[in-house]
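Chain and residue survey
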Amino acid sequence: MSGSAENPDVILIDGSSYLYRAFHALPPLTTGDGRPTGAIKGVVSMVKKLVQEHAPRYLAVVFDASGTTFRHELYAEYKANREKMPDELRAQIEPLHALIRALGYPLVSVTGVEADDVIGTLVARARAADLYTLVSTGDKDLAQLVDNRCALINTMSNQLLDPAGVEKKFGVGPDRIIDYLTLIGDSSDNIPGVPKVGPKTALKWLSAHGTLDQIIASADQITGKVGENLRNALDQLPLSRELVRIRCDVELEEPLEALVPQSPDQSSLAKMYQDLEFRAWLAELQENGAGEPAPAQSSETVETEVVLDAATLSRWADQCREAELVAFDTETTSLNYMQAQLVGISLSVAPGQAAYIPVAHAYEGAPQQLSWEQVREVIGPILEDPDCPKAGQHLKYDLNVLSRHGVEVAGVAHDSMLQSYVLDSTAGRHDLDSLASRVLGRQTISFEEVAGKGAKQITFDQVALEQAAPYAGEDAEVSLCLHRKLWPQLQEVPGLCSVYESLEIPLVPVLSRMERAGTLIDPDCLRAQSAEISTRLEALETEAHEAAGGAFNLSSPKQLQEILFQRMGMPQRHKTPGGKPSTAENVLQELADEGYELPQLILEHRGLAKLRNTYTDRLPEQIDPETGRLHTSYHQAVAATGRLSSSDPNLQNIPIRTAAGRRVRQAFVAPPGRVLLSADYSQIELRIMAHLSGDENLCSALRSGEDVHRATAAEVFRVPVAEVADEDRRVAKAINFGLIYGMSAFGLARQLGGIPRNEAQGYIDRYFERYPGVRDYMDRTRAQAKENGYVETLFGRRLHLREISARNPARRQAAERAAINAPMQGTAADIIKRAMLSVDAWIREKQPPALMVMQVHDELVFEVDSDALDECRAEIVSRMSAAAELEVPLIVAAGSGANWDDAH
């Protein structure tokens, strides 16, 4: 016999348990660009400490697989109360798994069962081999595995549970934990126990009767209300026992003997530590003489010449004129392109070589520099020459900054960010540092290394040239090296090359002009809305206090839990990961739909508070002091499907479903003598579905110009169009749009108010009978996605689907839904980009009194002179309608008004 709790042969770590606990218990950490990392660091810290302390022979870090398990098949309501995993936690799962594997720790995840069952199986195998197992977890269910060859340790509380420890903690030994848990149930997993029976009653019964089976046999002898509850629960107790029982016979691909810790992958670890900004771990790795990423070319090999005189500037200008391609980058004082002041420009025309031209470093002791006027006179004509091809990384920002400094850049030929994005939008981040690491194997100099971080960070004009020049020169040189690596890959795929050359690159200057143009907003209108919202919030707070029977903090989940579910006795729909009743929006909406007043008041209060904080209070603060207008930033390399997104402010999220939300659009106004013209594609994704599927019935309905949802209802319900009821049209609309997103019968049933699933399936079946081409398209697309690993838009853009052949059904089905939807979303994105290019070309050539100021979803918004409205509307609608040739017409709805809301 070998091993002990202090010196175990096997350590099994409940990764899923610690992931949730670390996320909720530890301070939230993020990278400089906002990615959450706190849970990753917490779990990895625990794992590393445990392994270092015990040095086990065998080790496994076990995680739940995504998707349903056999327990869901036994009981459909299993874990039904669980809230959806927060996006901030979900984003940490994949990098955590990758980091654990890079550390050399075996990771196990099995579809169809939970981490508990995998751990139970491995404990049984270790026990059979007479090995001692230490299970690291915070989950009470695993106490049933404890015996003289297995103990639990909770590394967050440092509590060790051997058989005596289990009995002291729970009042029963490990052999009766299953019976104990069956009686009390588990609210977090939605496992029913005996109503009103808690730990004290369960222990009393087990003490008196011995086991659950003996309690069941003696149920008639147990008096009082709890005895009645027990008898009423007898039919359900066997199911509850199966739900809490951990399986110890899971089929595992690898034997226990294969779970041996391996040597860390030092290079991968270094890259991950750098990407996740775990600098202490990275330094520790490098101090030990390992873990340095193996760069194709380190930053030290970039020879950056600092240009401080006219002769050197002239020499570099000559090199740029003679080069096939010039990579450039700007260094500034701010990320806000409307406020950034130019500090310097870097150039590179060959790998390993760069120049940095400082113009505004102003720290004490800074050397004399060329003025911007001197540099602009020499370098400006090169940057403005359309016949001199330029390259860079995220060049739209540089175009904006240089335009404000008197240089209108032309000849933008390549952008490494867009090359990476078009090649594979889902491959990872497309920023310069990430691409350098992923594509070139290079560790670049970070901004924090030269400018500091946090409150001590300085602006770039205060960075000494000794540090500034290598950083700046590297930016230009790396973008050139990325281009040389990525461009040949694009050229190998004609469709992708076309998307890049004909859409993404030409769109850069168009978006730059839109951003700098900005849009006019009325701050007084927004302030008035804020005041009205504040008044309504006060009234809602008073009403909520009256409904609750006393004052409370509407923003406090804890107080709200106590009032809703204890004081007022409302049904508990879902639980938080900590087992508390959830007060999330979907829970409150369910309660409000059932007629409860207080949840409805809370929902309205939350919605208005968010509207005020995000828009009516915030937008006036974002008005540029020089232009008096609002300037957003459009992002080409964020959405996987090719859609544009925006930030500061996010125009895509301005609410339109509520009256208060729509009023925000009233603050987006036209200047005197002008109106706002909104041109919006009508049902574009449905029209793309008709084109891609070629279904004649669907195409015919869309060609005829009739109400397509009413026409679909007529087909599905087999009635004349004139006799279609409004409810039938609502069903048809849900099907038309739902199928675009791969909606299942279950999803349709929920959307239609909880109708039976078989009824929803009947609607879908009849839909496919009338539109067989749609079903063929969906089947064909799934097959092509599985064969190729990607789907394509009408114009050749690809969306890679890494989970399309996943063994896990839930992941595979999600990828199949994406495969159906992505060609439509992506094609819609391509179409509106083509429309923007066409309209922009017309504006630049003909110079009509019109300005393109916003792009939101499938809509373009323009400022147009009032007396030229009809002429401009006709041209814009014509160009947008002609942006693609489909089997059905592209319909553009165009409206106008003094403000954005009136234009709809």
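Given the structure is predicted, the values throughout are model-derived calculations rather than measurements.

Looking only at helices and strands, the protein has 37 helices and 22 strands in total. In terms of overall size, the protein behaves like a compact globule, its C-alpha atoms giving a radius of gyration of 32 Å where 904 residues would be expected to give roughly 29 Å. For the protein, the C-alpha atoms occupy an extent of roughly 95 × 80 × 60 Å along the three principal directions. Put simply, the protein has 904 residues, and 52% of those count as buried. Contacts spanning at least 24 positions in sequence make up 68% of the contacts within the protein whose residues lie at least 6 apart. As displayed, the protein has an accessible area near 39,500 Å², and 48% of this comes from carbon and sulfur atoms. Side chains of the protein give 90 positive and 127 negative charges; the mean places of these two sets differ by 5 Å.

Turning next to unusual backbone geometry. Backbone geometry follows two general trends: most residues other than glycine have a negative phi, and most peptide bonds adopt the trans configuration. With omega at 0°, the peptide bond leading from Asp648 into Pro649 counts as cis. Considering the arrangement of structural elements, one finds Pro649 in the loop between strand 15 (645-647) and helix 28 (659-665). For His394, which is not glycine, the phi torsion reads 55° and is therefore positive. Mapping His394 onto the fold places it in the loop between strand 11 (390-392) and helix 17 (395-404). One non-glycine residue, His857, lies in the positive phi region at around 55°.

Right, let's get into the side chain of Gln144. With respect to the element layout, Gln144 can be found in the loop between strand 4 (133-136) and strand 5 (150-154). For Gln144, the side chain forms a polar contact with the main-chain oxygen of Val244, separated by 3.0 Å. Contact partners of Gln144, with chain neighbours within four places excluded, come to Pro174, Ile177, Ile178, Val244, Arg245 and Ile246.

On the basis of which strands lie adjacent, the open sheet formed by 4 strands has the order 20-21-17-22 and antiparallel pairing. A single partner strand is all that each edge strand has here, and the edge strands are strand 20 (850-856) and strand 22 (892-897). Averaged over all pairs of adjacent strands, the angle between their axes in this sheet comes to 20°, without regard to strand direction. In the sheet, strand 17 (residues 674-681) pairs with strand 21 (residues 859-865) via 7 bridges, with the strands oriented antiparallel. In the sheet register, Val675 faces strand 21, and the bridge partner there is Val864.

Turning next to the layout of surface pockets. Picture a little ball the size of a water molecule; that probe, rolled over the atoms, points out where space is still empty. Taken as a whole, the second largest pocket holds about 1,800 Å³ of empty space. Ile654, Pro655, Ile656, Arg657 and His857 are the residues nearest the centre of the second largest pocket, which is lined by 49 residues in total. Considering each element in turn, the lining of the second largest pocket owes the most residues, 10 residues, to helix 26 (residues 597-616). In terms of residue class, the lining of the second largest pocket is built from 18 nonpolar, 15 polar and 16 charged.

Attention shifts here to the environment of Leu698. You can see Leu698 is positioned in helix 30 (residues 696-703). Owing to a relative accessible area of 0%, Leu698 belongs among the buried residues under this scheme. Linking Leu698 and Ala711, residues 13 residues apart in sequence, is a C-alpha distance of 8.9 Å. Apart from the residues within four sequence positions on either side, Leu698 is in contact with Met689, Ala690, Val708, Tyr771 and Val774.

Moving on, we come to the environment of Trp487. Secondary-structure assignment places Trp487 in helix 21 (residues 465-491). For Trp487, a relative accessible area of 14% translates into the label buried. If sequence neighbours within four positions are ignored, Trp487 has contacts with His414, Gln419, Cys497, Tyr500 and Glu501.

Between the first and last C-alpha of helix 15 (residues 310-322) there are 18 Å, a value that for 13 residues agrees with the 18 Å anticipated at 1.5 Å per step. All buried positions along helix 15 are accounted for by Thr312, Leu313, Trp316, Ala317 and Cys320. Projected onto a plane normal to the axis of helix 15, the buried residues spread over an arc of 140° and lie on a single side. Residues Ala311, Arg321 and Glu322 are exposed on helix 15 and point more than 90 degrees away from its buried face. On its buried side, helix 15 packs onto strand 7 (303-306), strand 8 (326-332), strand 9 (342-350), strand 10 (353-358) and helix 16 (372-384).

Quick notes on the rules
Residues numbered from 1 in each chain as written. Predicted model: local features only at pLDDT ≥ 70, side-chain atom pairs only at ≥ 80, totals over all residues. Heavy atoms only, no water. Helix = DSSP H or I, 4+ residues; strand = E, 2+ residues; numbered from the N terminus. Rg over C-alpha atoms; globule rule 2.2 N^0.38 Å. Buried < 20%, exposed > 50% of the residue type's maximum accessible area, 1.4 Å probe, protein only. Contact = heavy atoms within 4.5 Å. Areas by Shrake-Rupley, 256 points an atom, 1.4 Å probe, with all protein chains shown as cover. Lys, Arg positive; Asp, Glu negative; His and termini not counted. Charge placed at Lys NZ, Arg CZ, Asp CG, Glu CD. Polar contact = N/O pair within 3.5 Å; in protein donor to acceptor, adjacent residues only side chain to side chain. Pairing = 2+ DSSP bridges. Axes fitted to C-alpha atoms, helices over the stretch in contact; angles between N-to-C directions. 1 Å grid on protein atoms, 1.4 Å probe; cavity = no way out; pocket = protein on both sides within 12 Å on 5 of 7 lines; lining within 4 Å. Points joined across faces, edges and corners; volume = space filled by probe spheres on them. Nonpolar A, V, L, I, M, F, W, Y, C, P; charged D, E, K, R; others polar. Expected span 1.5 Å × (residues − 1). Arc of directions from axis to C-beta.

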